[in-house]
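# Observations on chain architecture
Here is what each chain is made of, one letter per residue.
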Amino acid sequence: MVIREIPDPQEVRIYYRNGKTELLEIPGTENNMVYEAREFLRLIEEKDYNHKYLENSRLEMELMDEVRRQQEIVFPADEN
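Residues numbered from 1 in each chain as written. Predicted model: local features only at pLDDT ≥ 70, side-chain atom pairs only at ≥ 80, totals over all residues. Heavy atoms only, no water.

### Here's the deal with the environment of His-51
On the secondary structure map, His-51 appears in the loop between helix H1 (34-45) and helix H2 (52-71). For the pair His-51 and Phe-40, spaced 11 residues apart in the sequence, the C-alpha separation amounts to 9.8 Å. (Helix = DSSP H or I, 4+ residues; strand = E, 2+ residues; numbered from the N terminus.)

As structure tokens, then:
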């Protein structure tokens, strides 16, 4: 299997042992995080607040906030 354009794949080519090949074209999206966003929405709608994905995201956001604080990075939205 060959995946072109990781992390935003455009096509996947599968080479089978019998010599056949199959090309799967993947349509591009404006936001390549669409599937992740849908999963987070599902977790929120189902009130699954203790899911490992949400916990990991919370920890990542805390880390990014601390890095930004230490580096004095301030975005316009932070000032409101």
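### Quick look at H1
In this model H1 runs 16 Å from its N-terminal to its C-terminal C-alpha over 12 residues, within 8% of the 16 Å that 1.5 Å per residue would give. Lys-47 lies just past H1 and shows a positive phi near 55°. (Expected span 1.5 Å × (residues − 1).)

### Regarding unusual backbone geometry
Residue Lys-47 is not a glycine yet carries a positive backbone phi of 55°. Mapped onto the secondary structure, Lys-47 falls in the loop between H1 and H2. According to the relative accessible area criterion, Lys-47 is exposed, its value standing at 59%. One non-glycine residue with positive phi stands out, namely Glu-72, at about 55°. Along the chain, the position of Glu-72 falls in the segment after H2. (Buried < 20%, exposed > 50% of the residue type's maximum accessible area, 1.4 Å probe, protein only.)

### Side note on H2
Over its 20 residues, H2 extends 28 Å from the first C-alpha to the last, a length consistent with the 28 Å expected when each residue adds 1.5 Å. Count one or two residues on from H2 and you reach Glu-72, which has phi positive near 55°.

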